Amino acid sequence: MADSTQSPAPRATTNRSTTPSSDAFRSFIGANWAERDSALPAPREQSGFAAARRDRLSALYPGITLIVPAGAPKVRSNDTDYPYRAHSAFAHLTGWGSDTVPGSVLVLAADDAGHTATIYFREGAGRDSDEFYANSDIGEFWTGARPSADHVAADLGLVTAGIADLDAVLAGLGTEAAMVREADDELTRTIDMTRIRATHVDENGNFAIVANGNPFEDRDIELARDLSELRLVKDSYEVHQMRLAVAATSDGFDDVIADRAAIIAHPRGERLVEGTFNRRARADGNTVGYDTIAASGAHACILHWTRNDGPVVPGDLILLDAGIELDSLYTADVTRTLPIGGTFSPVQRRVYEAVLEAADAAFAIVRPGIRFREIHATAMAVIARHTAAWGLLPVSAEESIKPENQFHRRYMVHGTSHHLGIDVHDCAQARRDLYIDGVLEEGMVFTIEPGLYLQPDDLTVPEEYRGIGVRIEDNILVTASGAENLSVGIPRTVADVEAWLARG
Ligand code: GLY
Ligand code: MN
Ligand code: MN
């Protein structure tokens, strides 16, 4: 790839540009292109849901203009970027997912009727510009054609405007504004300056000293909190997306099982596990919601093992924690721990069944009205009971579960559950009162994922247990009267896992 950008962007590429610049070339490449199809799409399925979410947000912020950027692409190295992903709050409020035009900004402008929502974005450039062939960052020869404002307006059911029009909005912003700060650093700086200028400029036009840091940051933090809390209960579109994400993830797990012989034969079998799962994601038009954890043998005791460079050896267990993210950006988050040779050894089975019992006990209590924290407490009572019975704890299980002790947590240092949705760790800025101390409601989706990680060098653990790591992670929907395990179709009992491997 040779870059031909003439922009002063700090990407070191102009030293190798070979783009012709003669007028003759410009007029030749700018002419003789067929008309584009300008038919407008019907509104996408999620547009009505996104409008309802915006209405709920609007009601919380009368008189305050809200700015939710999709975010700019993030540099991976010099002039190559990470795959683009819109900020989750932007996707939630617009319904625009993997096809979001990078750098777009949703503005909910406060007015007498509440708010008017507009997406500002960079429309496709005409053939009369040189952008389409000469700009490797955004030109359509380089990154593909962008949609028109009319197309996006019809698709998302939203008012749209060119990104250049955002300048006028920002200029008139004043102090009654809040923004999502972490999506687009440059825009955050601009909006901070605009708001500070509105209140902190003296009669000579100089900035007064702003005491106590940025006076607008607190309101932005409140907005982040409210946007997170808006996602605690999923609407029917989101629940359907979660079902689809889990189904796609199930197919990825099946592929890994089917590839078992090649995985065992390869010196870096963990990479093959990751590659096979991720290939399924890509082949189906999806991606992964987080880096796949393919942790074989004692690597399973490393909670976020993503280096995935070890062998996969019969006799060991492999912990596969993987989830597929759809175009809508909703992701599954599923873990299965599998005996590579096809059957669990007695000690592996003992550990596995303890974790499964913890998962099942936690699932059994889920229904609207209980507190989120009770799920963890229920799982931990089982983990404490088994680790005590195996002689790992210095006290009884009853003593260990007291808050001042918690010795069993040496073998499972993570929590049992997190909300799940557009982010794998969804609703992350929600208040503690609504999260760990919150009461479950119908429509919530979260994981139940107890584990036991018996480190290979842990002297409290009998030798036969050392190096065994097990996690079983399912995706749970709270229903009107209880709960549904969305990932129950991915085998999880000892018998079902062994039968799955035998089939594969
Ligand atoms: N995959 C990360 C987690 O389970 O939370
Ligand atoms: Mn998880
Ligand atoms: Mn996980």
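See the structure above.
If you're wondering where the values come from, they're calculated on a predicted model, not measured in any experiment.

## Examining the sheet that holds strand 9 (residues 293-296)
- Pairing within the open sheet is antiparallel, and its three strands lie in the order 9-10-12. Two strands bound the open sheet, and with one partner strand each, they are strand 9 and strand 12 (334-339). Going across the sheet, the axis of each strand differs from the next one's by a mean of 10°, ignoring polarity.
- Note: strand 10 (residues 317-322) against strand 12, six bridges, orientation antiparallel. Within strand 12, the residue paired with Leu320 across the bridge is Arg336.

## Considerations on the packing of aromatic side chains
- This structure, assessed with the given rule, holds 14 aromatic pairs.
- With a centroid separation of 5.7 Å and 90° between ring planes, the pair formed by Trp96 and Phe121 is classed as edge-to-face. One end of the pair, Trp96, is in the loop between helix 3 (88-94) and strand 4 (105-111); the other, Phe121, is in strand 5 (residues 114-121), with 25 residues separating them in the sequence.
- With a relative accessible area of 2%, Trp96 lands in the buried category.
- Centroid distance Trp390 to Tyr465: 5.1 Å. Interplanar angle 35°. Geometry classified as tilted. Highlighted residues: Trp390 in the loop between helix 14 (372-389) and helix 15 (397-400) and Tyr465 in the loop between strand 14 (451-454) and strand 15 (468-471), separated in sequence by 75 residues. Neither Trp390 nor Tyr465 differs from the other in exposure class; each is buried.
- Counting every residue linked through ring pairs, the aromatic cluster contains Phe25, Trp33, Phe132, Tyr133 and Phe141.
- It is Arg127 that lies over the ring of Trp33; its NZ or CZ is 4.5 Å from the centre.

## A word on empty space enclosed by the protein
- In this structure the tally under the stated criterion is two cavities of 30 Å³ or more.
- Approximately 100 Å³ is the volume attributed to the largest cavity.
- Val256, Ile257, Arg260, Ile263, Ile264, Val273, Val312, Ile318, Leu338, Pro339, Ile340 and Leu501 together form the lining of the largest cavity.
- Counting residues per element, the ones that place at least two in the lining of the largest cavity are helix 10 (236-258), helix 11 (260-265) and strand 12.
- Looking at the lining of the largest cavity element by element, the count peaks at three residues for helix 11.

## A look at the site of ligand 1
- Around ligand 1 sit Tyr290, Asp321, Asp333, His418, His425, Glu449 and Glu473, and those are all the residues in its vicinity.
- Taking Asp321, its side chain carries an N or O atom lying 3.1 Å from a nitrogen atom of ligand 1.
- Separating an oxygen atom of ligand 1 from a side-chain N or O atom of Glu473 is a distance of 3.1 Å.
- The protein chains hide 91% of the 190 Å² of surface that ligand 1 would expose on its own.
- Counted by class, the shell around ligand 1 contains one nonpolar, two polar and four charged residues.

## Examining the packing of helix 13 (residues 346-364) against helix 14
- Put simply, helix 13 and helix 14 touch, their axes get as near as 8 Å, and they point 155° apart. Comparing the axis directions of helix 13 and helix 14 gives the class roughly antiparallel. Of the two elements, helix 13 crosses helix 14, and the hand of that crossing is right-handed. Residue-level contacts link Ala354, Glu357, Ala358, Ala361 and Ala362 of helix 13 to Ile375, Thr378, Ala379, Val382, Ile383, Arg385 and His386 of helix 14.
- Broken down by class, the residue content of the contact of helix 13 with helix 14 amounts to eight nonpolar, two polar and two charged.

How each quantity is defined
Residues numbered from 1 in each chain as written. Chains lettered and ligands numbered in written order. Predicted model: local features only at pLDDT ≥ 70, side-chain atom pairs only at ≥ 80, totals over all residues. Heavy atoms only, no water. Pairing = 2+ DSSP bridges. Helix = DSSP H or I, 4+ residues; strand = E, 2+ residues; numbered from the N terminus. Axes fitted to C-alpha atoms, helices over the stretch in contact; angles between N-to-C directions. Phe/Tyr/Trp six-rings, centres within 6.5 Å; stacked < 30°, edge-to-face > 60°. Buried < 20%, exposed > 50% of the residue type's maximum accessible area, 1.4 Å probe, protein only. Lys NZ or Arg CZ within 6 Å of the ring centre and 35° of its normal. 1 Å grid on protein atoms, 1.4 Å probe; cavity = no way out; pocket = protein on both sides within 12 Å on 5 of 7 lines; lining within 4 Å. Points joined across faces, edges and corners; volume = space filled by probe spheres on them. Near = heavy atom within 4 Å. Polar contact = N/O pair within 3.5 Å; in protein donor to acceptor, adjacent residues only side chain to side chain. Areas by Shrake-Rupley, 256 points an atom, 1.4 Å probe, with all protein chains shown as cover. Nonpolar A, V, L, I, M, F, W, Y, C, P; charged D, E, K, R; others polar. Parallel < 35°, antiparallel > 145°, perpendicular 65-115°, else oblique. Left-handed = near helix turned anticlockwise from the far one by under 90°. Contact = heavy atoms within 4.5 Å.

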